Every structure is written in C-alpha cells, then in structure tokens.
Amino acid sequence: MEQNAQRELRSADPEWTASESMAHVSGALKSDGPALVFGRSSLTHVPQAISLVIATTGSSGTPKEVGLSASALISSARASNKALGAQPGNTWSLLLPLSHIAGINVLIRAHELGSEPIDLRSHKGEYPHADFTAIVPTQLFKALNGDDQLLKHLTGAKAVLVGGAALAADLHLAATKAGINVVVTYGMTETTGGCVYDGVPLDGVEISIRSEKRIAIKGTVLAQTYLGAELLWDAQLKDGWFLTSDLGRMENGKLVVEGRSDDVIISGGENISLSAIESSLHSHFPHTSFAAFALKDAQWGQSLHVAIAGDGATTDDEISQYLSEHFGDFSKPKGYLHIPELPLIGIGKVDRIKLAELYMEASH
C-alpha cells in the first residue's frame, strides 16, 4: 500500500453504549475500515497507519489531535492486562469518558479479555462487580468522602488504576486503608495512556531521565503523530524517544514524577512550582481542594494565586502562613479565588487558564 495512503475518519457518537463503542473501536483497529475520532476534528481522512484520533487539550491549553495506531493501542491493552494479572473472562468497568484515552483503553482491555465492558458512566444506585477499573483522583476522593456505592465497587475490584492527574499521598494512603488496591499510573495520550504502573514501565516501554530532569519515553505504545501539527511531534520525538513536559527521577529503580517543566513560574526572581505548591497544600490540608495559578504582574513578573474549592474550613491566612513557613515568604499567594469546584481540562487536570480568567472576572 502507498506510504501516503489515507483512510476515512468518522466521528464517534457520544450516545453509543460501551458495547457499541467497543464494537466500533474494534472495527477501527482493522486497517480495512474507517478510523474513529473521539472529540472534535476538522479532518475527514488520516494516514493509513492511524486507527483512532483523540483530541486532547493538555495542561498547556493548546489543543492537539493525537493519531494512534492499532499496534500501539493493542500493545498498551495487552501490557496493562499482563501487569495486572488479568485473565480471559475478567471484567473491566467503564467510569471514564470515551473522549479520553483512559476510557478507550478500558474498552480495548476488555476486548482483549473476551469480556463486555461494564458501562457505569451515568450509573446510579448499587454498582455491579468488576475485576478491574480505571478512575481519576477526583473520583477516588468522592468514593472516600460519601459515595459509598462507588467505594464498595472499588474495594471489590482486584485493582483500580488511578491516573490523569497527580495522586496526593494522603488520598493514596486513605484509599489503601479503605481496602482499595490502587495502582498509580503515569502516561498521556501520546503514550496511549498510562504506560508506567506504580513507577514501573509496562512491557515494551522504556523510561529515560534527560537534561533538566525531563522524562522521555520510548516503546510500542507511542502515538504516530499530531495530526496537522506534525512538526511539533517531530520536535518532541528524537531517536524514538518522546520528550515529555514532565520532570522526574529514578528512585530504587522506579520512576518518581515530580511535576511539569512548564508549571514553574518566576515571581520576583524566585522560581515557584505550581504543582509543588498544590501537592504541599493537599498534604497539609487534606480535606480541601486547591489549585495554584499565576497572573501577569507588573511588580512580580508573575504572581502566585491559589484557588480553593468547596466549603473547606481552611482560611486564606492559614494558607499564607503555611506556604511562607514551608517555602519562604516569596511563596505567599498574592490573591485567592474561592469557587464551588475546580474547572478541569479533560479528566482530572485543573484548567489554570480558566482559573486566571475567573479571578480577573471576580476582581472587576
């Protein structure tokens, strides 16, 4: 077949059930049918090697259309099932949207085991049993703070994958104490979702720490390209290694993710990691949801602000005092935003751009 051969790209119907979606995904994995896109796309055709297209905004706020091959998707599913000890006939429950790679992966893992995915995306009442499932930290928090049916479902599973955003240490500990077998995943759409489980790469995946602690990933799970932004993809892929925007280190043979290289702001000449601020606040005030964001500032260059979600009893003064003691006076927030809940990008990731907009709106 010609190297530049194209295949038709069709949009997934958001009304499809999990079983219907799995059937369409299975068809897309075969090279003789149309490819499938989840999310919006202006494309009507894609290169022959691409089976699925996932539209992702990412933490930077820049939208990308990630093209994934059948081999990457199947490699990811098989490596995941193997790492978890999943056997033919075991079941997966779907608690994540299919607009996200983590949701798609549930379908393909179930298909590889010869079972039907259990669709719980809009479920109410008692949950049926599933051997495995995948969630984001927000869902884990809800299970441990009042959603008893979801908690029962998670404790009944052999393993629960948790990814999409950083998992706070206190939340991880609380889940373990509640009897949930949490498996912390690291990955992104460009790596066909989670490709490192509890710090250990899946079969077919290699990890490298590059200059300035940047994490690089190589292996069978890498995407093909950014559709319509191929030069950007080529800039991040060197000698088969995909250079992420995440910072990390290897500790006792396991990957420890420390945050993102693009979440460090410079305020008054001091470097401040937004993810480090968030992680520290969540550890010290475990019953409150926080997000750090920055605004352009004539005096400081960039000024640190903190959003507080929900009805937590934590005061602005307590936060300022804690951050000052823990990081230094320069880390005292220049402003606070109190909102009912944090705006998210996709699943699990806080939309810091939106927080800045909300703060500016509230200030006028």
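This section reports on the structure supplied with the text. Since the model is a prediction, treat every value here as computed from it, not as a measurement. (Residues numbered from 1 in each chain as written. Predicted model: local features only at pLDDT ≥ 70, side-chain atom pairs only at ≥ 80, totals over all residues. Heavy atoms only, no water.)

**Here we look at the overall build of the protein**
Then step 1. Helix and strand counts for the protein stand at 10 helices and 25 strands.
Then step 2. Over its C-alpha trace the protein gives a radius of gyration of 21 Å, about what one expects of a compact globule, namely 21 Å for 364 residues.
Then step 3. With the C-alpha coordinates of the protein rotated into their principal frame, the extents come out at 60 × 50 × 45 Å.
Then step 4. Per-residue burial for the protein yields a buried fraction of 48% across its 364 residues.
Then step 5. Within the protein, counting contacts between residues at least 6 apart in sequence, those at least 24 apart form 62% of the total. (Helix = DSSP H or I, 4+ residues; strand = E, 2+ residues; numbered from the N terminus. Rg over C-alpha atoms; globule rule 2.2 N^0.38 Å. Buried < 20%, exposed > 50% of the residue type's maximum accessible area, 1.4 Å probe, protein only. Contact = heavy atoms within 4.5 Å.)

**Re the sheet that holds strand E11 (residues 193-197)**
Then step 1. Pairing is mixed across the open sheet formed by 7 strands, whose spatial order is E7-E6-E8-E9-E10-E11-E12. Either end of the sheet is taken by a strand with one partner, and the two such strands are strand E7 (118-119) and strand E12 (200-201).
Then step 2. Here 2 bridges tie E11 to E12, and the two strands are oriented antiparallel to one another. Bridging from a neighbouring strand, Val196 pairs with Pro201 of E12.
Then step 3. Across the sheet, helix H3 (residues 101-112) is in contact with strand E6 (92-94), strand E8 (132-135), strand E9 (159-162) and E11; its angle to E6 comes to roughly 150 degrees. (Pairing = 2+ DSSP bridges. Axes fitted to C-alpha atoms, helices over the stretch in contact; angles between N-to-C directions.)

**Topic: the pattern of salt bridges**
Then step 1. What the rule picks out here adds up to 10 salt bridges.
Then step 2. Residues Glu258 and Lys213 are paired through a salt bridge, measuring 2.7 Å at the closest nitrogen-oxygen approach. Residue Glu258 is located in strand E18 (residues 254-260), and its partner Lys213 is located in the loop between strand E13 (205-209) and strand E14 (214-219); the two are separated by 45 residues in the primary sequence.
Then step 3. Residue class for Glu258 comes out partly exposed when judged on its relative accessible area of 32%.
Then step 4. Residues joined in a network through salt bridges with shared partners are Lys213, Arg249, Glu251 and Glu258. (Salt bridge = Lys/Arg side-chain N within 4 Å of Asp/Glu carboxyl O.)

**A few points about the packing of helix H2 (residues 70-84) against H3**
Then step 1. It is at 9 Å that the axes of H2 and H3 come closest, and there the two elements cross at 70 degrees. One way to sum up the angle between H2 and H3 is to call them roughly perpendicular. Contacts from Leu73, Ile74, Ser76, Ala77, Arg78, Ser80 and Asn81 of H2 reach H3 at Ile101, Asn105, Ile108, Arg109 and Glu112.
Then step 2. For the contact of H2 with H3, the class distribution of residues is 5 nonpolar, 4 polar and 3 charged. (Parallel < 35°, antiparallel > 145°, perpendicular 65-115°, else oblique. Nonpolar A, V, L, I, M, F, W, Y, C, P; charged D, E, K, R; others polar.)

**Digging into the pairing of strand E1 (residues 6-11)**
Then step 1. As defined by bridge partners, E1 adjoins strand E3 (residues 45-47) across 3 bridges and the pair is classed as antiparallel. Its bridge partner lying in E3, Arg7 is registered against Val46.
Then step 2. In the sheet, E1 pairs with strand E2 (residues 35-38) via 3 bridges, with the strands oriented parallel. In the strand pairing of E2, Arg10 is matched with Leu36.
Then step 3. Assessed by its sense of winding, the connection that carries the chain from E1 through helix H1 (residues 18-29) to E2 is right-handed. (Right-handed = clockwise from strand over helix to strand, strands pointing away.)

**Regarding the nonpolar core**
Then step 1. Core analysis: the biggest nonpolar cluster contains 54 residues, and Phe38 and Ile217 have the highest contact counts within it.
Then step 2. If one sorts the elements of this core by residue count, H3 sits on top with 6 residues.
Then step 3. For Ile217, the contacting residues outside a window of four places in its chain are Tyr186, Met188, Thr191, Cys195, Val205, Glu206, Ile207, Leu222, Gly240, Trp241, Phe242 and Thr244.
Then step 4. The next biggest cluster of nonpolar side chains, apart from the first, holds 18 residues, and it includes Leu95, Tyr127, Leu150 and Leu154. (Core = buried A, V, L, I, M, F, W, Y, C linked by side-chain atoms within 4.5 Å.)

**Some remarks on the pairing of E2**
Then step 1. Side chains of E2 alternate between two faces, with Ala35 and Val37 and Leu36 and Phe38 buried alike.
Then step 2. Bridging between E2 and strand E4 (residues 50-56) involves 3 bridges; their strand directions are parallel. Across the sheet, residue Val37 finds its bridge partner in E4, namely Val53.

**Examining the side chain of His100**
Then step 1. Note on placement: His100 falls in the loop between E6 and H3.
Then step 2. A distance of 3.0 Å separates a polar atom in the side chain of His100 from the backbone nitrogen of Ala102. (Polar contact = N/O pair within 3.5 Å; in protein donor to acceptor, adjacent residues only side chain to side chain.)

**Quick look at H2**
Then step 1. Compared with an ideal rise of 1.5 Å per residue, which puts 15 residues at 21 Å, H2 spans 21 Å between its outermost C-alpha atoms and is within 8% of the ideal.
Then step 2. Burial in H2 covers these residues: Ala70, Ala72, Leu73, Ser76, Ala77, Ala79, Ser80, Asn81 and Leu84.
Then step 3. Downstream of H2 by one or two residues, Gly85 has phi in the positive range, about 75 degrees. (Expected span 1.5 Å × (residues − 1).)

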